[in-house]
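If you want the building blocks of each chain, they are given just below.
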Amino acid sequence: MKKQVIEYAGIPVGITIPDGDRVKFMAVKYPVIDLDGGSYRNISELQAAIHDHMAKSAPEDQAVFLGAANSPGASSERKVFNAA
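Keep in mind it's a predicted model, so treat the numbers as computed, not measured.

S.K.: Honestly, the overall build of the protein chain in this entry has me stumped. Any pointers?
M.R.: When its secondary structure is counted, the protein chain shows two helices and five strands. What you see in the protein chain, going N to C, is helices and strands ordered as β-β-β-β-α-α-β. For the protein chain, the proportion of its 84 residues judged to be buried stands at 33%. Taking the intrachain contacts of the protein chain between residues at least 6 apart in sequence as the baseline, contacts between residues at least 24 apart amount to 37%. Total accessible area computed for the protein chain in this model is approximately 5,200 Å², and 52% of it derives from carbon and sulfur atoms.

Here you go:
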């Protein structure tokens, strides 16, 4: 495993760091700060955690990501994982 940028709705929200046979999440955006430091079995488990967290979050936290998912400026060349 290697470090990866994690995106939600096209916006970088954190990175993963290898942690033994797991991945540790380091949040860089306030709406997902509650997940900071969490350890997950894999990226899919982290994806589900971010998705569930954002589904339960306040509208003002969700507003940060409005429109970003359909933005034409997203680059497919970066090694990112989009949880949205």
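S.K.: Before we go on, may I ask you to explain the side chain of threonine 16 in this structure?
M.R.: Within the secondary structure, threonine 16 sits in strand β2 (residues 11-19). Note on threonine 16: relative accessible area 1%, which makes it buried. When neighbours within four sequence positions are excluded, threonine 16 is seen to be in contact with Lys2, Lys3, Gln4, Ile6, Val23, Lys24, Ile43 and Leu46.

S.K.: Whenever I open this one, the nonpolar core confuses me. Can you help?
M.R.: Counting 17 residues, the largest nonpolar core has Val13, Phe25 and Ile50 as its most contacted members. Of all elements in the fold, only β1 (4-8), β2, β3 (22-27) and α1 (43-56) reach the threshold of two or more residues within this core. The dominant element in this core, judged by the number of residues it contributes, is α1, at five residues. Those residues within four positions of valine 13 in sequence are excluded, and the remaining contacts are Ile6, Glu7, Tyr8, Phe25, Met26, Ala27, Val28, Lys29, Val32, Ile50 and Phe65.

S.K.: So what exactly am I meant to see when it comes to unusual backbone geometry here?
M.R.: Excluding glycine, a negative phi dihedral is what most residues carry, and trans is how most peptide bonds are arranged. One non-glycine residue, alanine 9, lies in the positive phi region at around 55°. Positionally, alanine 9 belongs in the loop between β1 and β2. For alanine 9, a relative accessible area of 5% puts it in the buried group.

The rules behind each value
Every chain is numbered on its own, with residues counted from 1 as its sequence reads. At least 70 in pLDDT is required for a residue's local features to be given in this predicted model, at least 80 for side-chain atom pairs to be given and counted, and no such filter applies to totals for whole chains, interfaces and linings, which use all residues. The basis for every side-chain value is the complete set of heavy atoms in the structure, and neither hydrogens nor water enter the calculation. Helical segments are the DSSP runs of H or I of at least four residues, strand segments are the runs of E of at least two, and each set is numbered from the N terminus. For every residue, the accessible area obtained with a 1.4 Å probe (protein chains only) is divided by the maximum for its type, and the residue is called buried under 20%, exposed over 50%, and partly exposed between those limits. Should any heavy atoms of two residues lie within 4.5 Å, those residues are counted as being in contact. The protein chains shown are the only cover counted for residues, whose accessible areas, like all others here, come from Shrake-Rupley with a 1.4 Å probe. What is meant by a nonpolar core is a set of buried Ala, Val, Leu, Ile, Met, Phe, Trp, Tyr and Cys residues, joined one to another through side-chain atoms within 4.5 Å.

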